[in-house]
Amino acid sequence: MGAIRLEQVTKSFGEAVVIPRVDLEIADGEFVVFVGPSGCGKSTLLRLIAGLEDVSGGRVVIDGAEATRTPPAQRGLAMVFQSYALYPHMSVYKNIAFPLKMARNEPAAIDRKVRAAAQTLNLTQYLDYKPGQLSGGQRQRVAIGRAIVREPKAFLFDEPLSNLDAALRVNMRLEITELHQSLKTTMIYVTHDQVEAMTMADRIVVLRAGNVEQVGSPIELYRAPRNLFVAGFIGSPQMNLIQGAEAQKRGAETIGVRPEHIRASHHAGDWAGSVGIVEHLGSDTILHVSVDGVGMVKARVEGEFGLRHGQKAYLTPDPTKIHRFSANGKTIL
Amino acid sequence: MARAIPQRRRWLLTVVAWAVGLVIFFPILWTVLTSFKSEGEAIASPPHFLFFHWTLENYAEVQQRSNYLLHVTNSVVISLGSTVIALVIGVPAAWAAAFAPARRTKDLLMWMLSTKMMPPVGVLVPIYLLFRDWGLLDTVTGLTALMMLVNLPIVVWMLYTYFREIPADILEAARMDGAPLFSEIVHVLAPMALPGIASTMLLNIILAWNEAFWTLNLTAANAAPLSAFIASYSSPEGLFWAKRSAASTMAIAPILILGWFSQRQLVRGLTFGAVK
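Residues numbered from 1 in each chain as written. Chains lettered and ligands numbered in written order. Predicted model: local features only at pLDDT ≥ 70, side-chain atom pairs only at ≥ 80, totals over all residues.

Colleague: In this structure, what is going on with the overall build of chain A? I would like to understand it.
Modeller: A tally of regular secondary structure across chain A gives 9 helices and 18 strands. Principal-axis analysis of the C-alpha atoms places the extent of chain A at approximately 75 × 45 × 35 Å. Counting the 333 residues in chain A, one finds 41% classified as buried. Considering only intrachain contacts with a sequence separation of at least 6, the fraction spanning at least 24 residues in chain A is 63%. (Helix = DSSP H or I, 4+ residues; strand = E, 2+ residues; numbered from the N terminus. Buried ≥ 20, exposed ≤ 12 C-beta atoms within 10 Å, placed from the backbone. Contact = placed C-beta atoms within 7 Å.)

Take a look at the structure:
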């Protein structure tokens, strides 16, 4: 069981308010991702749940029990750090065994659990190695191993993949998702990478300056962002945000349309402009088009598209997929 | 990338290094040489360097006149005892300063260090009176406690600087892994900071071993360590250079040997964390 509830949680460091007020409910077994730009308070929020920082106000409830003042060791949560935070003087075996030793498990039980975890994570042959002898991906797996042997109520991941290279990151992303599906344990995952958030989460919590901007499933956030910030943050390439006459025509201060919701043509369309940069991704082509009276607009076109720098292009946004925002940045429904 | 040093420059540097080393080592060498001379040769002018009548009579006489073994035992107990107690107090203190700093931690550390800036003689009278009233004069217990207190600021400071090199993440991971504070310090922090702790320990032993001001003022016969033993050879009857040198040689020999064997550890500890 690993339901976690934050009630009116606030956090300030001296004068600086990092978390003005957060209410959040995380269900047992859920994979929740905290996402936001750096400095948005997502790591702080995770550390408040972990107990590594004390809340300035409000309550943390784990499994229905008050945990606000419970020390981290007794919260029954496991954490995986960005820096892996392995014990450099211990072998992989001892690293994974450490939480079990702290929990005073029997040596035989420790051995069985460590070997089982090593098996799951493909670490069996590295059990005698020291962390310094492992690659980044292997170290991260040891850190995960150290977390899973405890059978915690919930896993907390603090940007665990940021130190890995791109290919490894994609692999580890899948491994963590698979792990979640097999363990069915609550996971809270902090990242600044919206692709990680979209691909892994059951539910995403978008944070800005310590405030929760929106909570929802990846598709909800993609389809119905509540404000300009979420609209701009979720989705890649970023949503086109257009102000001026085009927006006013639709009764909004700003309109947003995702690059994949714009049709491009050589001959005719709503907006005419000249092609700037063309990004060839193979499966898609992203056109940067300078549209008269609108500005720079990105359009994503399937496959190859035979337009080059300086040529004329016509763009047509899908009218059903246009998001409208008011002057204060809120979505107009 | 390694910088290439021309052969001639390398020679020059070697010669300079040896010269500096010899200058630093010379007083010790001279003490050892003098300890093998007769009293007459010890004060001969011009001094004899190597060509004199070598004799062991000073050592024999020093052995006869004083209880060397007692002084060695006292020195060992005082320096080791004070160091161990200082570490037991200093490790948690340095942990708190490095990993759980409060608003005034820096001030507290500076205040601790400031006690080392005061000349010890400034507190001689109060300390002497305390020792007298508590019956600690000329006791190993009293001197061990005092040496511990005198060196504690250095121990805390050294440990603090070493601990600050250790990523806080790792200690937080230990906390998340269910380690109580004691286990966190014993199983995670201490092994990682071992070079630092070892060099702190060595330095503290050396400082306590060589300390003379307090030992001379607070001990007489029973608790006198080796530094007081050396001093007893400059007596009102006259200065016996050769015997004093023999006593000095016997006094510094153990710590010199310890230093020799641990120099690698000492250097590693003193530069610990200089390069990540």
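Colleague: Can you help me understand the sheet that holds strand β8 (residues 186-191) of chain A in this one?
Modeller: Adjacent strands of a sheet form backbone hydrogen bonds with each other and so pair up, either parallel or antiparallel. All names here are of chain A. Judged by pairing direction, the sheet is mixed, and its 6 strands sit side by side in the order β6-β7-β8-β3-β9-β10 without closing on themselves. Both outer strands of the open sheet, β6 (77-80) and β10 (211-216), are each paired with one neighbouring strand and no more. When the angles between neighbouring strand axes are averaged without regard to direction, this sheet yields 15 degrees. Note: strand β3 (residues 31-35) against β8, 5 bridges, orientation parallel. Its bridge partner lying in β8, Phe34 is registered against Val190. (Pairing = 2+ DSSP bridges. Axes fitted to C-alpha atoms, helices over the stretch in contact; angles between N-to-C directions.)

Colleague: What's the story with the nonpolar core in this structure? I'm lost.
Modeller: Generally speaking, nonpolar side chains in soluble globular proteins are found buried as a group. Within the largest apolar cluster, 147 residues are counted, with the highest numbers of intra-cluster contacts made by Val33, Met79, Leu156 and Ile188 of chain A together with Leu159 of chain B. With 14 residues, the single largest contributor to this core is helix α7 (residues 140-163) of chain B. Counting contributing residues per domain, this core is built from domain 1 (4-230) and domain 2 (241-325) of chain A, each supplying no fewer than three. Contact partners of Ile188 of chain A, with chain neighbours within four places excluded, come to Ile26, Val32, Phe34, Leu46, Ile49, Ala154 and Leu156 of chain A. (Core = buried A, V, L, I, M, F, W, Y, C linked by C-beta atoms within 7 Å. Domains from an automatic or database assignment.)

Colleague: Would you mind going over the interface of chain A and chain B with me for this structure?
Modeller: Size of an interface, as often reported, equals the accessible area lost when the parts are brought together. Each side of the interface is counted separately: chain A has 18 residues, and chain B has 15 residues. Within the residue set of the side of chain A that touches chain B, elements represented by two or more residues are β6 and α2 (92-102) of chain A. For the side of chain A that touches chain B, the residue count by class is 15 nonpolar, 2 polar and 1 charged. (Nonpolar A, V, L, I, M, F, W, Y, C, P; charged D, E, K, R; others polar.)

Colleague: What's the story with the environment of Gly293 of chain A in this structure? I'm lost.
Modeller: Residues and elements named next belong to chain A. Examined against the element boundaries, Gly293 turns out to sit in the loop between β15 (284-291) and β16 (295-302). The exposure class assigned to Gly293 is exposed, which follows from the 11 C-beta atoms found within 10 Å. Separated by 226 residues in the primary sequence, Gly293 and Ala67 have C-alpha atoms spaced 56 Å apart.

Colleague: Help me understand the sheet that holds strand β18 (residues 323-325) of chain A in this model?
Modeller: Residues and elements named next belong to chain A. Strands sit in the order β11-β12-β18 across an open sheet of 3 strands; the sheet is antiparallel. Each edge of the open sheet carries a strand with a single partner, namely β11 (240-243) and β18. Sheet twist, expressed as the mean angle between neighbouring strand axes with direction ignored, is 25 degrees. Bridge count for strand β12 (residues 254-257) against β18 is 3 bridges, and the pairing is antiparallel.

Colleague: Got a minute to help me understand the environment of Ile332 of chain A in this structure?
Modeller: All names here are of chain A. Positionally, Ile332 belongs in the segment after β18. Each C-alpha atom of the pair Ile332 and Glu304 lies 35 Å from the other, and the pair is 28 residues apart in sequence. Each residue touching Ile332, except ones within four places of it in the same chain, is listed here: Ala252, Arg324, Phe325 and Ser326.

Colleague: Would you mind showing me how to read the pairing of β15 of chain A here?
Modeller: Within a regular beta strand, the side chains point alternately toward one face of the sheet and then the other, so they alternate between its two faces. All names here are of chain A. In this sheet, β15 lies alongside strand β14 (residues 271-280) in antiparallel orientation, the contact comprising 6 bridges. Paired with His280 across the bridge in β15 is Thr285. Linking β14 to β15, which pair antiparallel, is a turn of 3 residues; within it Gly282 sits at a positive phi near 90 degrees. Strand direction decides the pairing type here: β15 and β16, joined by 8 bridges, are antiparallel. For Leu287, the partnering residue across the bridge sits in β16 and is Ala299. Linking β15 to β16, which pair antiparallel, is a turn of 3 residues; within it Gly293 sits at a positive phi near 80 degrees.

Colleague: Would you mind showing me how to read the packing of helix α4 (residues 68-99) of chain B against α7 of chain B here?
Modeller: Describing two packed helices takes the angle between their axes plus the distance from one axis to the other. Residue and element names in this part refer to chain B. Packing of α4 against α7 leaves a shortest axis separation of 6 Å and a crossing angle of 40 degrees. Between α4 and α7, the interaxial angle falls into the category oblique. For the crossing formed where α4 meets α7, the hand is right-handed. Across the contact of α4 with α7, the residue classes tally to 22 nonpolar, 6 polar and no charged. (Parallel < 35°, antiparallel > 145°, perpendicular 65-115°, else oblique. Left-handed = near helix turned anticlockwise from the far one by under 90°.)

Colleague: What is the right way to read the packing of α2 of chain A against helix α4 (residues 136-148) of chain A from this model?
Modeller: Residue and element names in this part refer to chain A. Interaxial distance between α2 and α4 falls to 7 Å at its minimum, and their mutual angle equals 30 degrees. In terms of axis orientation, α2 runs roughly parallel to α4. As α2 packs across α4, the resulting crossing turns out to be right-handed. For the pair α2 and α4, contact is made by Val92, Asn95, Ile96, Phe98 and Pro99 and by Val142, Gly145 and Arg146, respectively. For the contact of α2 with α4, the class distribution of residues is 5 nonpolar, 2 polar and 1 charged.

Colleague: Where do I start with the confidence of the model for chain B in this structure?
Modeller: Model confidence for chain B is summarised by a mean pLDDT of 86, while 93% of its residues fall at 70 or above. Listed scores for the predicted complex are pTM 0.80 and ipTM 0.83. (pLDDT = per-residue confidence, 0-100.)

Colleague: Explain the pairing of strand β17 (residues 312-317) of chain A here, please?
Modeller: Residue and element names in this part refer to chain A. With burial as the criterion, only one face of β17 is covered, namely that bearing Ala313, Leu315 and Pro317; the residues Lys312, Tyr314 and Thr316 on the opposite face remain uncovered. As defined by bridge partners, strand β13 (residues 262-265) adjoins β17 across 4 bridges and the pair is classed as antiparallel. Paired with Arg263 across the two strands is Thr316, which belongs to β17. Bridge analysis of β14 against β17 gives 4 bridges, and the strand direction is antiparallel. Bridging from a neighbouring strand, Gly273 pairs with Ala313 of β17.

Colleague: How should I be thinking about helix α1 (residues 7-34) of chain B in this particular structure?
Modeller: Residues lying three or four places apart along an α-helix face the same way, a consequence of the helix completing one turn every 3.6 residues. All names here are of chain B. The end-to-end C-alpha distance of α1 is 39 Å, a good match for the 40 Å that 28 residues give at a rise of 1.5 Å each. Phe25 marks the point of greatest bend in α1, at about 45 degrees, and the proline Pro27 comes within the next four residues. Of all 28 residues in α1, 1 are buried; the element is thus mostly exposed. (Expected span 1.5 Å × (residues − 1). Bend = angle between axes of the 7 residues up to and from the residue.)

Colleague: Please clarify how unusual backbone geometry should be interpreted in this entry.
Modeller: Trans is the common state for peptide bonds, and a negative phi is the common state for residues other than glycine. Residues and elements named next belong to chain A. Along the chain, Ser236 connects to Pro237 via a cis peptide bond; the corresponding omega equals -5 degrees. Structurally, the position occupied by Pro237 is in the loop between α8 (228-233) and β11. One non-glycine residue, Tyr84, lies in the positive phi region at around 70 degrees. Within the fold, Tyr84 resides in the loop between β6 and α2. We classify Tyr84 as buried; it has 23 C-beta atoms within 10 Å. Unusually for a residue other than glycine, Ala85 sits at a positive phi of about 50 degrees.

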